[in-house]
Amino acid sequence: MQLTAKDFTAMFRQIATRIEGERNHLCELDGHIGDADHGIAMEQGFGAIVKALDTSEPATPTDVFNTAAKSFLNAVGASSGPLYATAFLRAGAAFKGKETVEIDEAPSVIEAMARGVAERGKAELGDKTMIDAWKPAAIAIEQARAAGKPLADVLAAARKAAEDGAEATKTMVASKGRSSRLGERSLGHMDPGAASAAIIVAEICDFLSSL
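Residues numbered from 1 in each chain as written. Predicted model: local features only at pLDDT ≥ 70, side-chain atom pairs only at ≥ 80, totals over all residues. Heavy atoms only, no water.

Some details on the overall build of the chain
No. 1: Along its length, the chain carries eight helices and two strands.
No. 2: In the chain, the order of α-helices and β-strands from amino to carboxyl end is β-α-α-α-α-β-α-α-α-α.
No. 3: Expected size for 211 residues packed as a compact globule is a radius of gyration near 17 Å; at 16 Å, the chain falls within 12% of this value.
No. 4: If one aligns the C-alpha atoms of the chain with their principal axes, the spans along those axes are about 50 × 40 × 30 Å. (Helix = DSSP H or I, 4+ residues; strand = E, 2+ residues; numbered from the N terminus. Rg over C-alpha atoms; globule rule 2.2 N^0.38 Å.)

Okay, here's the thing in structure tokens:
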């Protein structure tokens, strides 16, 4: 099966709907160790992406992700803006020159976004950031592919790794971002950026699984 720009636009629409539904939960998580606005920022960012995609009708998958990068960055001024803008640009670059993308290649979106977040954020596993969800998902994809697993198993592995990674941030002391100011008081709380990252990974996987 070949995925077109319209398919990736539909994927972003699905992510935006889920993020909207999780807005209050993400704000609640952020309230424990941050400014309690993460859910609002993510909802605004993905809402801006959907609006831009609906009005611009991008022609290729790369155009979709480049449009997403620009609109998210313009809508979100916090640290998440540059991180996700870079993530979307890396995803777009992964499909450069392609009118369509083979569905078996599509999990590369998650791997490319993870690279973008890591490059821009300079965070490592264990720093209690969104990379604690993104990087395990990317590693899970690489390992599942290397083992010759079918697409459904690759996606399931990515989703579980992201969710487990987000859950694991409860046991970490924040060393990056605003929550690092709390030191040991950040223990016991899930990082909101990792929580939203796990949601995004889950929706990408669910979307691809439904095709």
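Alright, that's what it looks like, and here's the rest.
What to know about the nonpolar core
No. 1: If you look at the biggest cluster of nonpolar residues, it comprises 65 residues, and the most contacted ones within it are F12, F46, Y84, F88 and W134.
No. 2: Within the residue set of this core, elements represented by two or more residues are α1 (5-33), α2 (38-56), α3 (61-75), α4 (80-94), α5 (108-121), α6 (131-146), α7 (151-168) and α8 (192-209).
No. 3: At eleven residues, α8 tops the list of elements feeding residues into this core.
No. 4: Sequence-distant contacts of Y84, defined by excluding residues within four places in its chain, comprise M42, F72, M113, M130, W134, S196, A197 and I200. (Core = buried A, V, L, I, M, F, W, Y, C linked by side-chain atoms within 4.5 Å. Buried < 20%, exposed > 50% of the residue type's maximum accessible area, 1.4 Å probe, protein only. Contact = heavy atoms within 4.5 Å.)

Focus: the layout of surface pockets
In this approach the atoms are scanned with a rolling probe the size of a water molecule, which exposes any empty space left behind.
No. 1: By volume, the second largest pocket is sized at about 150 Å³.
No. 2: Contributing to the lining of the second largest pocket are R18, E22, H25, R159, E163, A166, M190, A195, A198, I199 and A202.
No. 3: Within the residue set of the lining of the second largest pocket, elements represented by two or more residues are α1, α7 and α8.
No. 4: A total of four residues in the lining of the second largest pocket trace back to one element, the largest contributor, which is α8. (1 Å grid on protein atoms, 1.4 Å probe; cavity = no way out; pocket = protein on both sides within 12 Å on 5 of 7 lines; lining within 4 Å. Points joined across faces, edges and corners; volume = space filled by probe spheres on them.)

Observations regarding α8
No. 1: Here α8 is 18 residues long and its end C-alpha atoms lie 25 Å apart, about the 26 Å a rise of 1.5 Å per residue gives.
No. 2: The buried count for α8 comes to 16 of 18 residues, which makes it a mostly enclosed element.
No. 3: Of the residues flanking the start of α8, the one acting as N-cap is D191, its side-chain oxygen 3.1 Å from the backbone nitrogen of G193. (Expected span 1.5 Å × (residues − 1). Polar contact = N/O pair within 3.5 Å; in protein donor to acceptor, adjacent residues only side chain to side chain.)

Considerations on the packing of α6 against α7
No. 1: Contact geometry of α6 with α7 gives a least axis separation of 7 Å together with a crossing angle of 150 degrees. It follows that α6 is roughly antiparallel to α7 by the angle criterion. When you trace α6 past α7, the crossing you get is right-handed. Together, D132, A133, P136, A137, A140, I141, A144 and R145 of α6 and V154, A157, A158, A161, A162, G165 and A166 of α7 make up the contact between the two elements.
No. 2: A per-class count over the contact of α6 with α7 returns twelve nonpolar, one polar and two charged. (Axes fitted to C-alpha atoms, helices over the stretch in contact; angles between N-to-C directions. Parallel < 35°, antiparallel > 145°, perpendicular 65-115°, else oblique. Left-handed = near helix turned anticlockwise from the far one by under 90°. Nonpolar A, V, L, I, M, F, W, Y, C, P; charged D, E, K, R; others polar.)

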